[in-house]
Amino acid sequence: MQEANIWNQKGPFKVDHVGSLLRPERLKKARFAYEKGEVTKAQLKEVEDQEISRIVQKQIDIGLKAVTDGEFRRGWWHLDFMWGLNGIEQYRKDHGYQFADGIESEPLDVRTTGKISWNTTHDFLEHFKYLKKAVGAGAIAKLSIPSPNQFLHEGIRREEHYESAELFAEDLKKVYIDAVQAFYDLGCRYLQLDDVFWGFLAADGIRGGVVPEEEWLLLKRLSKEMIQTIIEHKPKDLTLTTHVCRGNYKSSYAAAGPYYPVAKELFDEISYDGYFLEYDDDRSGDFGPLEHFSGEGKVVLGLMTSKFPELEDIEVLKNRINEAAQYVPKEQLCISPQCGFASTEEGNLLTEEQQWAKLSHLINHIDEIFSNKLV
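Quick summary incoming for the structure in this document. (Residues numbered from 1 in each chain as written. Predicted model: local features only at pLDDT ≥ 70, side-chain atom pairs only at ≥ 80, totals over all residues. Heavy atoms only, no water.)

Moving on, we get to the overall build of the protein chain. Along its length, the protein chain carries eleven helices and ten strands. Taken against the 2.2 N^0.38 rule, which gives 21 Å for 375 residues, the C-alpha radius of gyration of the protein chain at 20 Å falls within 12% of a compact globule. Projected onto its principal axes, the C-alpha positions of the protein chain cover 65 × 50 × 45 Å. The buried share among the 375 residues of the protein chain stands at 58%. (Helix = DSSP H or I, 4+ residues; strand = E, 2+ residues; numbered from the N terminus. Rg over C-alpha atoms; globule rule 2.2 N^0.38 Å. Buried < 20%, exposed > 50% of the residue type's maximum accessible area, 1.4 Å probe, protein only.)

See below:
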């Protein structure tokens, strides 16, 4: 058991995690049976409730202070939330999302059907209510939803509904201001906006290549303005963080490239309470972009990979923390896996036992990882 003084009083915590956890086979089978019409929605919910209660207690038992529902009621980290909004529908494309080594996801996506707005009966509201009740007073219930920037990806905005990205962004601001307030009213005090779009904008070959320079600059500006507007409207005692991702599907990735192209906007001109950043391998580059970090929040270094089961060397983690401390004060640094363990229900290529071992590894060595002692 670690001493209480190693934990911050509010998230992000010294050891934290992005949110998604590996789906147990029982849950996968129940969802498949529901899709085939073999069980009712109520029967599926019963399995979901039981499995969420189990992994909530497991997170508390191993010492995590921020506890999620593992995203057990979702098929995708982002799409389930997106198609729950007014003016959005799901549809099947010709091809899925492309990942390294020729891996391709199921070809599902979302697109507009008209003007968008917050859905006051969104399923995620009930999902959070159950999570908060399950967590109780033993930890803090953390909810993750996709960033509004995810809607800026090509093909989601249809011109018959929004002539320009600027007009679309204005309504996205309203949607998220309403959504944040709705979760807050249910007792949410730790909310995370997961954001692959910043990773896309920063990725090698995007600026001036896949995306023309003028459009790239516009998308970066809209991304910054949307997020900062939402932050300015959030309740003061709500911790709002982000996770910047480069793709996470069956232990593969979608993009590579350092944070330099978006560092000033992301770390200086946006005032998140916390930044969960991927730093588990060379794809993320060095810590140099963190020189732009000027906030009072926390930088959560994703130094442990969620993609593979091997446990990271504690001395390596400690040394990397010390490297990052050249740019961000150590008291503002935290550590986590670089991403969730199951951004989609397929999950990464490791077992649930290995997942818990990885999280426990960080918690059990937290004093050593953040020690100022030299060896």
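Read across the open sheet, the six strands follow the order β5-β6-β7-β8-β9-β10; overall the sheet is parallel. Strands with a single pairing partner mark the edges of an open sheet, and in this sheet they are β5 (143-146) and β10 (333-337). Strand after strand, the sheet turns through a mean of 25 degrees between neighbouring axes, direction not considered. Pairing of strand β9 (residues 298-304) with β10, which is carried by four bridges, proceeds in the parallel orientation. (Pairing = 2+ DSSP bridges. Axes fitted to C-alpha atoms, helices over the stretch in contact; angles between N-to-C directions.)

Turning our attention to unusual backbone geometry. A cis amide bond links Gly 11 with the next residue in sequence, Pro 12, at an omega value of -5 degrees. Looking at the secondary structure, you find Pro 12 in the segment before α1 (25-35). Despite not being glycine, Glu 71 has its phi angle at roughly 60 degrees, a positive value. In this structure, Glu 71 sits in the loop between β1 (66-67) and α3 (79-82).

The next point concerns the side chain of Thr 239. Within the element layout of this structure, Thr 239 appears in strand β7 (residues 239-244). When residues no more than four places from it in sequence are discounted, the contact partners of Thr 239 are Lys 10, Gly 11, Pro 12, Arg 189, Tyr 190, Leu 191 and Asp 273. (Contact = heavy atoms within 4.5 Å.)

With the rule as written, the count across this model stands at zero disulfides. Looking at the unpaired Cys 188, the closest cysteine sulfur is the one in Cys 334, lying at 18 Å. Given the relative accessible area of 0%, Cys 188 is considered buried. (Disulfide = S-S within 2.5 Å.)

What follows covers the environment of Asp 123. Residue placement: Asp 123 occurs in helix α4 (residues 123-135). Once the C-alpha coordinates of Asp 123 and Gly 11 are considered, the two residues, 112 residues apart in sequence, prove to be 25 Å apart.

Turning next to the pattern of salt bridges. A full pass over the atoms with the stated rule returns 27 salt bridges. Put simply, Lys 28 and Glu 25 hold a salt bridge, and the shortest N to O gap is 3.8 Å. Here Lys 28 and its partner Glu 25 are both found in helix α1, three residues apart, which amounts to about one turn of the helix. For Lys 28, a relative accessible area of 27% puts it in the partly exposed group. Residues joined in a network through salt bridges with shared partners are Arg 31, Lys 45, Glu 48, Asp 49, Arg 73 and Glu 345. (Salt bridge = Lys/Arg side-chain N within 4 Å of Asp/Glu carboxyl O.)

Turning our attention to the packing of aromatic side chains. The final tally for this structure, using the stated rule, is 15 aromatic pairs. Taking 5.5 Å as the distance between ring centres and 70 degrees as the angle between the ring planes, the aromatic pair formed by Phe 267 and Tyr 275 counts as edge-to-face. Among the residues examined, Phe 267 registers a relative accessible area of 1% and is labelled buried. The exposure class of Tyr 275 is buried, given its relative accessible area of 1%. Members of the aromatic cluster, each reached through a chain of ring pairs, are Phe 81, Trp 118, Phe 124, Phe 151, Tyr 162, Phe 168, Tyr 176 and Phe 183. (Phe/Tyr/Trp six-rings, centres within 6.5 Å; stacked < 30°, edge-to-face > 60°.)

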